[in-house]
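Here's the letter readout for the chains.
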Amino acid sequence: MIEVEVLQLLVSPAHRLSGRPADGPSPGPADERVPQVEVRRGLGLVGDRYYGRPAHRDAAVTIMAAEHLPLAVDPSADLRHTRRNVLLRGVDIDSCVGATIALDCGTGPVLFAVNRPARPCAWMDVTVGPGAQRALRGKGGVRCTPLSDGLLALGPASFRVVGGPDARA
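Residues numbered from 1 in each chain as written. Predicted model: local features only at pLDDT ≥ 70, side-chain atom pairs only at ≥ 80, totals over all residues. Heavy atoms only, no water.

Draft legend 1. Up close: the pairing of strand β8 (residues 142-146). With respect to burial, β8 is a largely interior element, four of its five residues being buried. For strand β4 (residues 61-65) and β8, the ladder comprises three bridges, and the chain directions are antiparallel. Pairing of Thr62 across the sheet is with Arg143, part of β8. Pairing geometry for strand β7 (residues 109-117) and β8, over five bridges, is antiparallel. Counterpart to Arg116 in the pairing with β8 is Arg143. (Buried < 20%, exposed > 50% of the residue type's maximum accessible area, 1.4 Å probe, protein only. Helix = DSSP H or I, 4+ residues; strand = E, 2+ residues; numbered from the N terminus. Pairing = 2+ DSSP bridges.)

Draft legend 2. Structural view of the sheet that holds strand β2 (residues 36-40). Reading across the sheet, the three strands line up as β3-β2-β9 and stay open at both edges, with antiparallel pairing between neighbours. Edge positions in the sheet fall to β3 (44-45) and β9 (150-153), since each has one partner strand and no second.

Draft legend 3. Layout of the environment of Arg116. Turning to its location among the elements, Arg116 is positioned in strand β7. Using a relative accessible area of 39% as the deciding quantity, one classes Arg116 as partly exposed. In this structure the C-alpha to C-alpha distance between Arg116 and Thr62, which are 54 residues apart in sequence, comes to 9.8 Å. The contact partners of Arg116, leaving out residues within four places of it in the chain, are Asp58, Ala59, Val97, Val142 and Arg143. (Contact = heavy atoms within 4.5 Å.)

Here is the structure:
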């Protein structure tokens, strides 16, 4: 088990990065970060744009490591800019592709299948700043399927790989 910290949670009801990056993000609330979020097995984060959408079930939740934020490009970069859902400090989440992980914020573990990398797109150069897409290559986070119901909240948490590549208790 690894002690980590959930730094930010983002739940966005609207897909704001669609169309051409040169046109800028679609309007929406300035800050969609929340202190806690309800996770539903196979569906995603309650209230999020990808919740329950069949085309996104394998990518309903995106988790990113704070250590990989492109702070050299913009020192204020966070989930509002990268459009990921969960920002963790203390674990290299990008190395967990193919694994099943458990994240416990104190109310019981929430299991996720880590399916694939969340590859950065050209939008990162718009929302974070020029060079962000390149800076995030190979470390833009991971796309996951929730395998259990539960609650994620800001603050200390425990993390473990429970199955798949490099499983450790």
